[in-house]
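Understanding the architecture of this molecule
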Amino acid sequence: MLIKVMLKKKTLYFSVVSFRRYEKILNSKKMDFDLLPNELLRTVISYLDIKSAKQMSLVSKRMYSFALQRIWLKPRYSKPKDIDFLQKLSKFPIRELRTRDFECSWMEILYLVPQLKLLNIELPMDKYREAEIPLQSRLRFLRLPVIVHTSAFELTEQDHFDQLLKIVETINVKEMVIDSPSYNLTTLWSYDQLKMFFGKVHISKISVGCLSITKENAKDFFRMLSVIDCWITLSQPSEPCQYKFTVDDVKLMEKLNLKIIYIESRYLKTDEEISKLLEFAEVMRKMKHLKEFYFSPEEFDRNDQVFAPMELLTDLPIKYLYSSNFEFEKRHFRDIVNTLSRIKSLIGFGIYNDLDDDKLTPDELELFKDIPINNLDVDSLDLRKDNVDDFQNIMKGMKITDIEMPYCGYDDSLYDIKLEIKNVGPGGIYRTI
């Protein structure tokens, strides 16, 4: 991304990737870096991701103060933090937090971070993490804007939906996300229950797995979703899928311009037929908002010996694939690597023990050196005492973010060698043996 700036009748283009280059541009034009106003610098930083903002903070003390606001605006954590950690954060300019990120109640979050401007209620409000019946009394003290996720509440009766509606009409709900936690699928929303909230609260995102869609009411739901005008994911935490969409369903969604951003293959009624999968792919190519198409493990994998023709789907927004999605055998390795290389959206490929006794040699693993490996199963490697160094040298040059040890627990006798997992690469973000 480039930011166009007019300064003393001269046009400058600032890349948001590295601010150090801006100084060179200014110097080449005989301009003083300090001439740039604070408002401009804040605007530039607002476009940065967290990693780039951290790099920006190293430029100067002035930039450090501006970048600090971007870095701590809305921190996110992959694992819940305790209340002591939250207390340490309170000194930073935090404006937005998620309840799911902390092992404490929402009242403790509000007390420890008084400067908070937005709270994401993504999990139950108390530390026990049990989905609770929506009670207005639990939320009446909230004065700041909130984003309410329905996954935080137990919605098993009509009365629960009525109470949730009273809550969103009482407190300052900036938006509501209709979703369900995988560990506790609540009652599916009927058409009438969804209609209750229409116009009463801004629904920003809906997982269709939360909706009671059937063959008879599917079109009514699609039309309602087009009016709500929210982001939509064709995903669902429960097993099995309540309803699988046909090609005609997806065509209607595309015609209504539903903002579908995520689709799981198991949500599509392909009946494990490649021809139907390709029909779905043709429709998905027309979807303007689709950001990810995920191949679920239930279909088109090694378990059923039915493999999707991935070489015909490389233009779809596929972010993650696994060796089980391919006929993962030695004679196909080069073709698989070629296919993976053509998927521009790919950010992770997992290699698991799909070869039985026919393991990957160092040379075969090296074929995947330019593929982003997010998971590598040790059992998939032909590890021996005489080739450990070869594997290590190859893996040091690869982008492997995680290495999986045998499920039975690591046992030296399995390989007759001792293995250690080490972090390598910038910041130790990659792993090797």
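Quick look at the structure, then. Note that the coordinates shown come from a computational prediction; the quantities given were computed from them, not determined experimentally. (Residues numbered from 1 in each chain as written. Predicted model: local features only at pLDDT ≥ 70, side-chain atom pairs only at ≥ 80, totals over all residues. Heavy atoms only, no water.)

Observations concerning a nonpolar patch on the surface
- A contiguous nonpolar surface patch, about 220 Å² in accessible area, is contributed by Ile274, Leu278 and Leu312.
- Summarising the element assignment, isoleucine 274 is placed in helix α12 (residues 274-284).
- For isoleucine 274, a relative accessible area of 35% gives the class partly exposed. (Patch = residues over 30% accessible without salt bridge, like charges linked within 9 Å, V, L, I, M, F, W, Y side chains within 5 Å. Areas by Shrake-Rupley, 256 points an atom, 1.4 Å probe, with all protein chains shown as cover. Salt bridge = Lys/Arg side-chain N within 4 Å of Asp/Glu carboxyl O. Helix = DSSP H or I, 4+ residues; strand = E, 2+ residues; numbered from the N terminus. Buried < 20%, exposed > 50% of the residue type's maximum accessible area, 1.4 Å probe, protein only.)

Some words on the environment of proline 145
- Counting through the fold element by element, proline 145 comes out in the loop between α7 (136-139) and β5 (146-149).
- When its relative accessible area of 26% is taken as the criterion, proline 145 is described as partly exposed.
- Excluding anything up to four places from it in sequence, proline 145 contacts Lys117, Leu118, Leu119, Asn172 and Lys174. (Contact = heavy atoms within 4.5 Å.)

Things to note about the sheet that holds β5
- Strands sit in the order β3-β4-β5-β6-β7-β8-β9-β10 across an open sheet of 8 strands; the sheet is parallel. One side of each edge strand has no neighbouring strand; the edge strands of this open sheet are β3 (96-98) and β10 (292-294). On average, each strand axis in the sheet is tilted by 15 degrees relative to the strand beside it, whichever way the strands run.
- The pairing of strand β9 (residues 259-264) with β10 spans 3 bridges and is classified as parallel. When the bridges of β10 are listed, glutamate 264 appears paired with tyrosine 294. (Pairing = 2+ DSSP bridges. Axes fitted to C-alpha atoms, helices over the stretch in contact; angles between N-to-C directions.)

Brief notes about the side chain of glutamine 392
- Relative to the helices and strands, glutamine 392 is located in helix α15 (residues 388-396).
- Looking at glutamine 392, the relative accessible area reads 17%, which means it is buried.
- The contacts of glutamine 392, once residues within four sequence positions are left out, are Thr432 and Ile433.

Some details on α15
- Listing the buried residues of α15 in full gives Val388, Phe391, Gln392, Ile394 and Met395. In a view along the axis of α15, the buried residues occupy a sector of 165 degrees, so they form one face of it. Exposed and oriented more than 90 degrees from the buried face of α15 are Asp389 and Asn393.
- Tucked into the core, α15 has its buried residues touching α14 (362-366), β13 (373-377), β14 (403-404) and β16 (430-432). (Arc of directions from axis to C-beta.)

Remarks on unusual backbone geometry
- In the Ramachandran plot, aspartate 229 falls in the positive-phi region, its phi being about 60 degrees despite a non-glycine side chain.
- Using a relative accessible area of 41% as the deciding quantity, one classes aspartate 229 as partly exposed.
- Positive phi outside glycine occurs at glutamate 272, with the angle close to 60 degrees.

Regarding the pattern of salt bridges
- All told, the structure shown has 16 salt bridges when counted by the stated rule.
- Residue arginine 266 is joined to glutamate 264 by a salt bridge in which the shortest nitrogen-to-oxygen separation is 2.7 Å. Glutamate 264 matches arginine 266 in its accessibility class, with the two residues each being buried.
- With a shortest N-O distance of 3.6 Å, aspartate 271 and lysine 269 are connected by a salt bridge.
- Judged by its relative accessible area of 39%, aspartate 271 is partly exposed.
- On the basis of relative accessible area, lysine 269 is assigned to the partly exposed category, the value being 38%.
- Here the residues in one salt-bridge network are Arg98, Arg100, Asp101 and Glu122, joined through shared partners.

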